[in-house]
Amino acid sequence: MSHDSSNSPRSKRLQLISDYGCTRSSKCRKPCSRSAETVSTRREAEPVRADVKGTQHLSGPGRAGLTGGPAAGRAAARAGAMAKLLSCVLGPRLYKIYRERDSERAPSSVPGTPTSVTNPHSSSWDTYYQPRALEKHADSILALASVFWSISYYSSPFAFFYLYRKGYLSLSKVVPFSHYAGTLLLLLAGVACLRGIGRWTNPQYRQFITILEATHRNHSAENKRQLANYNFDFRSWPVDFHWEEPSSRKESRGGPSRRGVALLRPEPLHRGTADTFLNRVKKLPCQITSYLVAHTLGRRMLYPGSVYLLQKALMPVLLQGQARLVEECHGRRAKLLACDGNEIDTMFVDRRGTAEPQGQKLVICCEGNAGFYEVGCVSTPLEAGYSVLGWNHPGFAGSTGVPFPQNEANAMDVVVQFAIHRLGFQPEDIILYAWSIGGFTATWAAMSYPDISAVILDASFDDLVPLALKVMPDSWRGLVTRTVRQHLNLNNAEQLCRYQGPVLLIRRTRDEIITTTVPEDIMSNRGNDLLLKFLQHRYPRVMAEEGLRVVRQWLEASSQLEEGERGSAEGFGWGPGKTRMLMGTRLSP
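Calculation notes
- Residues numbered from 1 in each chain as written.
- Predicted model: local features only at pLDDT ≥ 70, side-chain atom pairs only at ≥ 80, totals over all residues.
- Heavy atoms only, no water.
- Helix = DSSP H or I, 4+ residues; strand = E, 2+ residues; numbered from the N terminus.
- Buried < 20%, exposed > 50% of the residue type's maximum accessible area, 1.4 Å probe, protein only.
- Contact = heavy atoms within 4.5 Å.
- Areas by Shrake-Rupley, 256 points an atom, 1.4 Å probe, with all protein chains shown as cover.
- Axes fitted to C-alpha atoms, helices over the stretch in contact; angles between N-to-C directions.
- Parallel < 35°, antiparallel > 145°, perpendicular 65-115°, else oblique.
- Nonpolar A, V, L, I, M, F, W, Y, C, P; charged D, E, K, R; others polar.
- pLDDT = per-residue confidence, 0-100.
- Salt bridge = Lys/Arg side-chain N within 4 Å of Asp/Glu carboxyl O.
- Left-handed = near helix turned anticlockwise from the far one by under 90°.
- Pairing = 2+ DSSP bridges.
- Core = buried A, V, L, I, M, F, W, Y, C linked by side-chain atoms within 4.5 Å.
- Phe/Tyr/Trp six-rings, centres within 6.5 Å; stacked < 30°, edge-to-face > 60°.
- Lys NZ or Arg CZ within 6 Å of the ring centre and 35° of its normal.
- Patch = residues over 30% accessible without salt bridge, like charges linked within 9 Å, V, L, I, M, F, W, Y side chains within 5 Å.
- Polar contact = N/O pair within 3.5 Å; in protein donor to acceptor, adjacent residues only side chain to side chain.
- Disulfide = S-S within 2.5 Å.
- Expected span 1.5 Å × (residues − 1).

Draft legend 1. Geometry of the overall build of the protein chain. Check the secondary structure of the protein chain and you find 21 helices and 14 strands. A total of 589 residues make up the protein chain; the buried ones form 40% of that total. Taking as baseline every contact in the protein chain between residues at least 6 positions apart, the subset at least 24 positions apart corresponds to 71%. Accessible area of the protein chain: about 33,400 Å², with a carbon and sulfur share of 59%.

And the structure:
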């Protein structure tokens, strides 16, 4: 049976479509005031129907942009909010927001910075950072957990021995304990997230984290200036100076390497013995014991300021001292990266713009074994009008690492390089001022940079071995001597003898730390031995038997009146209360 294709429904539909296309074509060929480009654009923007019923495809960028724009913007906003929340969870702890001086206020270069945050005028901005209740309580819980962890760390050897004796280290007992520990860690992670939410709801912290992220992306001067208005956990502070930054270091082969700067090595205890394999095996147990003693008990006894619990107790005092240096003395904080990877916390107070001539001189302060630049000896040169550069030992406050002699020398080297190449001081304009154990780094810098102007050693000593033997049992003499020489060798006198510039030694008449007997026995003060070794090296002919006897008698005087009497008896004409000049080295009692 045949069908007429011209009368079928399909042919009629095709015919209608053809007529519609011809009508459109004829209309387009008529004169029109619109341009061809306008018509073409309009056609591209018109909808095209597909064969699938109920489905419509839109062509052209106009309608796609109108449909996807708001949704894409909302998605980007949600992603930005989640990123900000994650930054608040992982961000550092904020301690204080310094009050900003009117002369330093400037419009913020960080996008999204409110004017009320950039230029604070309220009195609440001049106090410590006030966290919200959620952040405050969560931070307290995490701080308490940190203290318990520190106590557990230091007592872990005794706890391990106790658990072993009680039989708690079996597998049946350890597995439940690991479950408890995992649950506790999950709870602490939840507390950290709650703290992040509390920070996220605080506009002050959100503004701080925005400036911190902008500074990490772009180390511009404006970003650093804004970041300097905040006191926070120094681990998140960007590095300001690298030990390889000076061009002279990159070109020279004699500079420090990643293994550290050069130190004076002690002579072997038994000279002339053959260093055979059998002798090395015999020394191995003693070397292991010395290493363990130095890295556990010895280092913490020598540098108690590196103990976390002590730093936690001193935190309010350190924050107050740092605020005084920044707000009153216009100090500038900086992070220096040493060659061993340790980050050194420094504070620089510039007095070169003042009318006082001593402001052109820079005093680099080296603190004691429990001293910090926030509350240390930097106040003395500041009161005298000098420019001051303070720094903390490795492991102290914001500095990382552990305070062993090699790390100490590496830190001192990058501090001196920072003063010369970044701050713009010449070695002839730098004075080294050290208190107590800081004499090691000061004498090392004087030995390594002989053009330095002068060295001032206050309450320092010549060698660590006699002081270590004083506090340890006599039966440990061999172990103590070996441990100090191999791992904690603070040979101040040996390093000072290699410096040819002026030296000022200050001795404390009742020093309980660097005396080997009692404070009343002034001749047991190791500052006397430091002076005698230094004078014997610099003036060997003058410091013969007679000269050495006269100097010893003079050092035995415990008061200025007694000094004057002994000096007059020897014919030197020293009177009480007068400044003594002893063979080119100035000595103060």
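Let us keep going from here.
Draft legend 2. Spotlight on the packing of helix α5 (residues 133-154) against helix α12 (residues 308-327). Between α5 and α12, the shortest axis-to-axis distance is 10 Å and the interhelical angle comes to 150°. By the angle class used here, α5 and α12 are roughly antiparallel. From α5, A143, S146, V147, S150, I151 and Y154 reach across to α12, where they touch Y308, L309 and K312. The class makeup of the residues in the contact of α5 with α12 is six nonpolar, two polar and one charged.

Draft legend 3. Here's a closer look at the confidence of the model for the protein chain. Mean pLDDT for the protein chain: 81, with 75% of residues reaching 70 or above. pLDDT under 50 marks residues 1-67. Its contacts with residues more than four places away, or in other chains, come to 21 contacts. Here residues 102-126 scores under 50 on pLDDT; set against residues more than four positions off or in separate chains, the count is 40 contacts.

Draft legend 4. Structural context of the pattern of salt bridges. Taken as a whole and assessed by the stated rule, the structure comprises 19 salt bridges. Between R422 and E245 there is a salt bridge, and its shortest N-O distance comes to 2.4 Å. Of this pair, R422 sits in the loop between α14 (405-421) and β10 (430-435) while E245 sits in the loop between β5 (241-242) and α10 (247-251); the two residues are 177 residues apart in sequence, bridging distant segments of the chain. In this structure E245 comes out as partly exposed when scored by relative accessible area, which is 35%. Residues participating in the shared-partner salt-bridge network are D462, R526, D529 and K533.

Draft legend 5. Structural context of the packing of α5 against helix α7 (residues 171-200). Direction vectors running N to C along α5 and α7 enclose 145°, while the axes themselves pass 8 Å from each other. In this structure, the crossing between α5 and α7 has a hand that is left-handed. Two secondary-structure elements touch here, α5 through L134, E135, A138, D139, I141, L142 and A145 and α7 through L188, V191, A192, L194, R195, I197, G198 and R199. Taken together, the residues of the contact of α5 with α7 break down into 10 nonpolar, one polar and four charged.

Draft legend 6. Layout of unusual backbone geometry. The phi angle at H330 is positive, at roughly 60°, despite the residue not being glycine. For H330, the position within the fold is in the loop between α12 and β6 (332-337). Residue class for H330 comes out partly exposed when judged on its relative accessible area of 43%.

Draft legend 7. Geometry of the pairing of strand β8 (residues 362-366). For β8, the tally of buried residues reaches five of five residues, placing the bulk of the element in the interior. Both β8 and strand β9 (residues 387-391) contribute to a ladder of four bridges, which runs parallel. Pairing of V363 across the sheet is with V388, part of β9. As paired elements, β8 and β10 share five bridges and run parallel to each other.

Draft legend 8. Region of the structure containing the nonpolar core. I364, L389, M412, L432 and W444 are the most contacted members of the largest nonpolar core, which has 74 residues in total. Sort the elements by how many residues they give to this core and α14 lands first, with eight residues. When sequence neighbours within four positions are dropped, the list of residues in contact with I364 reads L389, W391, M412, V415, V416, A419, I430, I431, L432 and Y433. With 17 residues, the next largest nonpolar core counts A323, C329, L382 and V388 among its residues.

Draft legend 9. Structural view of the packing of aromatic side chains. Following the criterion strictly, the structure yields 11 aromatic pairs and no others. Both rings, one in F372 and one in F396, keep their centres 5.4 Å apart while their planes meet at 50°; by these two values the pair is tilted. Pair noted here: F372 is in the loop between β8 and α13 (379-383) and F396 is in the loop between β9 and α14, with a separation of 24 residues, a long-range link. A relative accessible area of 0% places F396 in the buried class. A connected cluster of aromatic rings, assembled from ring pairs, spans Y129, Y205, F208, Y230, F232, F234 and W237. Seen from the ring of W237, R333 lies directly overhead, with NZ or CZ sitting 5.9 Å from the centre. A cation over a ring is seen here: K335 above F234, with NZ or CZ 5.2 Å from the ring centre.

Draft legend 10. Here's a closer look at the environment of M543. Assignment of secondary structure puts M543 in the loop between α19 (526-538) and α20 (545-555). With 11 residues separating them along the chain, M543 and L532 place their C-alpha atoms 8.5 Å apart.

Draft legend 11. Looking closely at a nonpolar patch on the surface. A grouping of F160, Y162, L163, Y164, Y168 and L169 is seen on the molecular surface, where their side chains present a nonpolar patch of about 640 Å² in accessible area. By secondary structure assignment, the location of Y162 is in helix α6 (residues 156-166).

Draft legend 12. Structural detail: the side chain of E374. Position of E374 relative to the elements: it lies in the loop between β8 and α13. Within the structure, the side chain of E374 is placed 3.2 Å from the side chain of Q322, a separation counted as a polar contact. With residues near it in sequence (within four places) discarded, E374 still touches L318, G321, Q322, R324, L325, D345, N392 and A397.

Draft legend 13. The state of the cysteines, seen in detail. Applying the stated criterion across every chain, the model contains zero disulfides. Not part of a disulfide, C366 finds its nearest cysteine sulfur in C365, a span of 7.5 Å. Of the residues examined, C366 reaches a relative accessible area of 0% and is grouped as buried.

Draft legend 14. Structural context of α19. Its 13 residues give α19 an end-to-end C-alpha distance of 19 Å, which sits within 8% of 18 Å, the value for a rise of 1.5 Å per residue. Along α19, the positions that sit buried rather than exposed are R526, G527, N528, L530, L531, L532, F534 and L535. Between the side-chain oxygen at the start of α19 and the backbone nitrogen of G527 there is a gap of 2.7 Å, and the oxygen is on N525.

Draft legend 15. Fine view of the pairing of β6. In terms of residue burial, β6 counts as a mostly covered element, since five of its six residues are buried. Pairing between β5 and β6: two bridges, direction parallel. Of the residues in β6, the one forming a bridge with F241 is L336. Summarising the sheet, β6 and strand β7 (residues 343-349) pair through six bridges and their orientation is antiparallel. The residue of β7 that forms the bridge with K335 is D345. Linkage of β6 to β7, two consecutive antiparallel strands, is achieved through a turn of five residues, within which G341 is found at a positive phi near 90°.

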